[in-house]
Amino acid sequence: MFDGDFGNPASTSHVFGWEAEEHVENARVQLAQLIGADPLEIVWTSGATESDNLALKGLAEHFGSGHIVTSAYEHKAVLDTCEYLEKTGIRVTYVKPDTDGLVSPNHVADAIEHDTFVVSIMHVNNEIGVLNDVSSIGQICRDGGVFFHVDAAQSVGKVPVNVDKLNIDMLSISGHKIYGPKGIGALYVRRAGNIPLQAIIHGGGHERGLRSGTLATHQIVGIGAAASICTVELEREATHLRALRERLWAHLRQIPDVHMNGSENQRIPGLINIGFGGVDGETLLMALNDVAVSSGSACTSATVEPSYVLRAIGVADELASASLRFTVGRFTTEEEVDYAATRIADVVHTLRERRTDS
Ligand SMILES: *Cc1c(COP(=O)(O)O)cnc(C)c1O
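What comes next is a walk through the structure. Source: prediction; values computed, not measured. (Residues numbered from 1 in each chain as written. Predicted model: local features only at pLDDT ≥ 70, side-chain atom pairs only at ≥ 80, totals over all residues. Heavy atoms only, no water.)

1. Notes on the overall build of the chain
Scanning the chain from terminus to terminus reveals 10 helices and 10 strands. Relative to the globule expectation of 21 Å for 358 residues, the C-alpha radius of gyration of the chain, 21 Å, shows essentially globular dimensions. Evaluated residue by residue, the chain yields a buried proportion of 54% over its 358 residues. Long-range contacts, defined here as pairs at least 24 residues apart, represent 71% of the contacts in the chain between residues at least 6 apart. Positive and negative side-chain charges in the chain, numbering 28 and 46 respectively, have mean positions lying 1 Å apart. (Helix = DSSP H or I, 4+ residues; strand = E, 2+ residues; numbered from the N terminus. Rg over C-alpha atoms; globule rule 2.2 N^0.38 Å. Buried < 20%, exposed > 50% of the residue type's maximum accessible area, 1.4 Å probe, protein only. Contact = heavy atoms within 4.5 Å. Lys, Arg positive; Asp, Glu negative; His and termini not counted. Charge placed at Lys NZ, Arg CZ, Asp CG, Glu CD.)

Below, the structure is given as structure tokens:
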């Protein structure tokens, strides 16, 4: 993409428009390839938040009434949308994940009612990194004639995602979670599914009427490039990240009274959430000022309440408050992991000593 590429991809009457459109369509192919979709099934949005809103409100708009099944530890983009829809008369069941952090397909099956029109379950939880069995949940939905939406902001680009193999009807993607630009994302919408999705943003009829507005051409080119890097690098990167994560955990588990939150095995390579018994998470976070970690997700870290995700999987409030989320990424090195682990061990030790002194 060049500075001179100033055309509007929706302008079909001149060459500048055609060139911009070609870049947008190329990116659509790149993103579709990453998830095993057809390019025509990709709807550009401003991010996974908007994609979640479009999937749920867009179906609720069509059905007008009825029931949604989701889980208690979804991202706020799903939870707040569901809460909003409840005010419009839609009923919502929030399935509780098990103590291993996973949503049981059986519990989803049990929650489906006669007028359930959509099930929305995240692929990977953004705070604890566990990987849900969405394939089984998707099969249950298909058998029951219910549409299946998956918030895959944390799984796309990190583990193989194939919308056909996973029985998914709609899938939310975020650009900046795959090393692409912020403010761009997509909703995959299965074409063969006859999904009666209604637009929530009306205007010029872009994106087959599902999302009007001039396309964010530069960001779309960026997410397309990011997606094609993920397609090529995914396997090698997963091996690298898993090794780093295991290295971090091997260090940290030597500290007494530490706990990994969520299943140890069924998770994405680069993310763990760890509770340090008897330590205040916020104090630990402050003391670790040269290590980029967080309590809970970036989106809710302004609050000091224990994480609703950890509460939902049955972690006691005290340990939830003592838990931090660690990620390693494409550019993380072994040296950084070792440094972080040493710093964490030191700080936890110091804080515990201080506690026993007082
Ligand atoms: C980051 C994230 C979102 C929000 O994505 P944006 O592109 O920032 O709107 C939604 N769901 C999950 C699971 C996420 O991790």
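2. Let's talk about the nonpolar core
If you look at the biggest cluster of nonpolar residues, it comprises 57 residues, and the most contacted ones within it are Ile35, Trp44, Tyr73, Val119, Phe148, Val156 and Leu171. Core analysis: the next-biggest nonpolar cluster, separate from the first, contains 27 residues, Met260, Val337, Ile344 and Leu351 among them. (Core = buried A, V, L, I, M, F, W, Y, C linked by side-chain atoms within 4.5 Å.)

3. Some remarks on the pattern of salt bridges
Taken as a whole and assessed by the stated rule, the structure comprises 15 salt bridges. The partner of Arg330 in a salt bridge is Glu237, with the nearest N and O atoms 2.6 Å apart. Pair noted here: Arg330 is in the loop between strand E10 (323–327) and helix H10 (334–357) and Glu237 is in helix H6 (residues 217–252), with a separation of 93 residues, a long-range link. In terms of burial, Arg330 and Glu237 fall into one category: buried. Sharing partners across several salt bridges, the network here consists of Arg142, Asp164, Asp169 and Arg190. (Salt bridge = Lys/Arg side-chain N within 4 Å of Asp/Glu carboxyl O.)

4. Focus on unusual backbone geometry
Even without being glycine, Glu207 reaches a positive phi, approximately 50°. Tracing the chain through its elements places Glu207 in the loop between strand E7 (185–189) and H6. Judged by its relative accessible area of 9%, Glu207 falls in the buried class. Even without being a glycine, Asp257 presents a positive backbone phi close to 60°. As for its placement among the helices and strands, Asp257 is situated in the loop between H6 and strand E8 (258–260).

5. With respect to helix H1 (residues 15–35)
With 21 residues, H1 ought to run about 30 Å at 1.5 Å a step, and its terminal C-alpha atoms sit 31 Å apart, in line with that. Three or more residues of H1 are buried, namely Gly17, Ala20, Val24, Ala27, Arg28, Gln30, Leu31, Ala32, Leu34 and Ile35. Buried-residue contacts for H1 involve strand E1 (42–45), strand E6 (170–174), E7 and H6. Positive phi shows up at Gly36, right after H1, with a value of about 65°. (Expected span 1.5 Å × (residues − 1).)

6. As for the packing of aromatic side chains
Taken as a whole and judged by the stated rule, the model has three aromatic pairs. Ring geometry for Phe63 against Phe117: centres 4.9 Å apart, planes inclined by 20°, an arrangement best described as stacked. You can see Phe63 sitting in helix H2 (residues 48–63) and its partner Phe117 sitting in strand E4 (residues 116–120), a full 54 residues away along the chain. Ring geometry for Tyr179 versus Phe331: centroids 5.8 Å apart, planes at 90°, classification edge-to-face. (Phe/Tyr/Trp six-rings, centres within 6.5 Å; stacked < 30°, edge-to-face > 60°.)

7. Observations concerning the sheet that holds strand E9 (residues 271–276)
In spatial order, the strands read E8-E9-E10; together these three strands make up an open sheet with antiparallel pairing. The outermost strands of the open sheet, each flanked by one partner alone, are E8 and E10. Each neighbouring strand pair of the sheet contributes to a mean axis angle of 30°, computed without reference to strand direction. On top of the sheet, H6 reaches E8, E9 and E10; it is set at about 10° to E9, its chief contact. (Pairing = 2+ DSSP bridges. Axes fitted to C-alpha atoms, helices over the stretch in contact; angles between N-to-C directions.)

8. Side note on the environment of Asn125
By the secondary structure assignment, Asn125 is in the loop between E4 and helix H5 (134–144). C-alpha separation for the pair Asn125 and Gln154, spaced 29 residues apart in sequence, amounts to 7.0 Å. Dropping the residues within four chain positions of it, Asn125 is found in contact with Tyr73, Val130, Leu271 and Val309. Of note is the side chain of Asn125, whose polar atom sits 3.1 Å from the backbone nitrogen of Ile128. (Polar contact = N/O pair within 3.5 Å; in protein donor to acceptor, adjacent residues only side chain to side chain.)

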